[in-house]
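Listed here are the chains, written in short residue letters.
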Amino acid sequence: MHKKTDALDHSHHELRFPLESHPGPDQTVEIAPGVLWLRLKLPFRLNHVNIYLLADGGGWAMVDTGFGNDATIEAWETLFAGALKGFAISRVIVTHAHPDHVGMAGWIVQRFRCPFYMSQIEYLQGVYHQNRRTDERVVNSREFFQRHGMDEAITAQLLGRGQDYLKKTVPLPAAYRRLSAGDDIQIGSRTFRIFTGAGHSPDQVMLYCAADKLFLSADQVLSKISPNVSVWAHEPDENALGSYLKSLAALAAALPDDVLVLPGHGLPFYGVNIRMKQLADHHQERCDMIADACREAPKTSAELVPVVFHKHVLDAHQTGFAAGELIAHVNYMLAEGRLSLVHQGDGVLRFRASRRLSE
């Protein structure tokens, strides 16, 4: 899913990048022994997704698959006729249900007749995305955005192109093998511990090989942009940001800082714990901006979007994620007691900042 609405302003001089450039569209790069890195195009502002191939006995385990469109099929056909000619895909592992990651899973699994792995929640989330635009769900989404102060024009955008991309997957494989947090999975000669984390997606899978200090972070930890953390109409009171920050804290307790991070987007890097602190600080800065804006008068989420995303000109796709992310911050601040809900009788949700102890 993408999703990314901004780059962080923090300096990245504390992070170390083993490579300063990415593979071309018809290339693979060996980023570590028995680990190949590929990069596929996306039709968004965030214009690429990383794919990793892990040596797996006589074949290769594929981690994520790319966006479900004809351009990605063409890209895979070029790779399988060139840089990956003769490669056997032994299994497909998908980190989460966003279409830039799961989009081509059904096509790859069918082509290689190989098993398919996801966490249970992410697999079911993928099924939901492929069947989400029933009349009842559209009505629920419209009411959700309107409760948060979105006008008819913006709501129409958000219900149209703003969320249409979620269906950009080929049909999911009809069966999967479950990945669960805390379990180990053997891939070739390596043992990976499975981590999962919420916030960006409900149960996103990450893989950690302690022996070789490799961490496939999916979209939970990215090097130069902040993963989108949003709340949507099907779970309007979700504390997605609270879950995301808890996930970062759990990862910080489990990972040494010298792991090589293989993210879902951007360049592989070293400095995972530095980066996770930057991400947590980034969200706290946004919360401070929201609190300051809500001190003088109550504000709707729609009124707060330009407060947080004032540096960006957003299209419908990006506006949807900006709205979802703003609501995630509001829900987190309500749970933390930093905001309170103001009722004015019109059914629109407005929020006021709680008083500081010194006030």
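One can find the structure itself at the top, above this paragraph.
Computed from a predicted structure; not experimentally measured.

So, on to the nonpolar core. A general trend in soluble globular proteins is that nonpolar side chains are found buried together. Ranked by size, the top nonpolar core spans 76 residues in total, and within it Ile185 and Phe215 carry the most contacts. The element that contributes the greatest number of residues to this core is helix α11 (residues 316-335), accounting for nine residues. Those residues within four positions of Ile185 in sequence are excluded, and the remaining contacts are Arg91, Ile93, Tyr117, Leu179, Arg190, Thr191, Phe192, Ile194 and Leu207. Grouped together as the second largest cluster of nonpolar side chains are 31 residues, Leu42, Val49, Leu53 and Met104 included.

Below, the discussion takes up the packing of helix α9 (residues 272-293) against helix α10 (residues 301-308). Relative to each other, α9 and α10 sit at 125 degrees, their axes nearing to 10 Å. Classed by the angle they form, the pair α9 and α10 counts as oblique. Considering how the two elements wind past one another, α9 and α10 form a crossing that is right-handed. Across from Arg286, Met289, Ile290 and Ala293 in α9, the residues of α10 making contact are Leu304, Val307 and Val308. Residue classes in the contact of α9 with α10 are distributed as six nonpolar, no polar and one charged.

Judged by pairing direction, the sheet is mixed, and its six strands sit side by side in the order β8-β9-β10-β11-β12-β13 without closing on themselves. Of all the strands in the sheet, just β8 (184-187) and β13 (269-270) have a single pairing partner and so form its edges. One ladder, built from two bridges, connects strand β12 (residues 260-263) with β13; its direction is antiparallel. When the bridges of β13 are listed, Leu260 appears paired with Tyr270. Against the sheet, helix α8 (residues 240-254) makes contact with β9 (190-197), β10 (204-209) and β11 (214-218), and its axis sits at roughly 155 degrees relative to β9, the strand it touches most.

Here we come to the pattern of salt bridges. Inspection of the entire model under this criterion finds 10 salt bridges. Across the pair Lys213 and Asp258 runs a salt bridge, and its minimum N-O distance is 2.6 Å. Of the two residues, Lys213 sits in the loop between β10 and β11 while Asp258 sits in the loop between α8 and β12, which places them 45 residues apart along the sequence. On the accessibility criterion, Lys213 (35% relative accessible area) is partly exposed. Residue Asp258 is classed as partly exposed on the basis of its relative accessible area of 39%. A salt bridge links Asp292 to Arg295; the nearest nitrogen and oxygen atoms lie 3.6 Å apart. The exposure class of Asp292 is partly exposed, given its relative accessible area of 46%. Residue classification places Arg295 among the partly exposed residues on the basis of a relative accessible area of 26%.

Spatially, β1-β2-β3-β4-β5-β6-β7 is the arrangement adopted by the seven strands of the open sheet, whose pairing is mixed. The open sheet terminates on both sides in strands that have one partner only, identified here as β1 (29-32) and β7 (177-178). The pairing of strand β4 (residues 59-63) with strand β5 (residues 89-93) spans four bridges and is classified as parallel. Across the sheet, residue Ala61 finds its bridge partner in β5, namely Arg91. Sheet contacts for helix α3 (residues 105-112): β4, β5 and β6 (116-118); angle to β5, the most-contacted strand, approximately 160 degrees.

By the element assignment, Gln220 lies in the loop between β11 and α8. Relative accessible area serves as the criterion here: at 0%, Gln220 is assigned to the buried category. If we ignore the near neighbours within four places in the chain, the residues touching Gln220 are Gly197, Ala198, His200, Gln204, Met206, Pro227, Tyr244, Ser247, Leu248, Leu251 and Leu279.

Criteria and cut-off values
Residues numbered from 1 in each chain as written. Predicted model: local features only at pLDDT ≥ 70, side-chain atom pairs only at ≥ 80, totals over all residues. Heavy atoms only, no water. Core = buried A, V, L, I, M, F, W, Y, C linked by side-chain atoms within 4.5 Å. Buried < 20%, exposed > 50% of the residue type's maximum accessible area, 1.4 Å probe, protein only. Helix = DSSP H or I, 4+ residues; strand = E, 2+ residues; numbered from the N terminus. Contact = heavy atoms within 4.5 Å. Axes fitted to C-alpha atoms, helices over the stretch in contact; angles between N-to-C directions. Parallel < 35°, antiparallel > 145°, perpendicular 65-115°, else oblique. Left-handed = near helix turned anticlockwise from the far one by under 90°. Nonpolar A, V, L, I, M, F, W, Y, C, P; charged D, E, K, R; others polar. Pairing = 2+ DSSP bridges. Salt bridge = Lys/Arg side-chain N within 4 Å of Asp/Glu carboxyl O.

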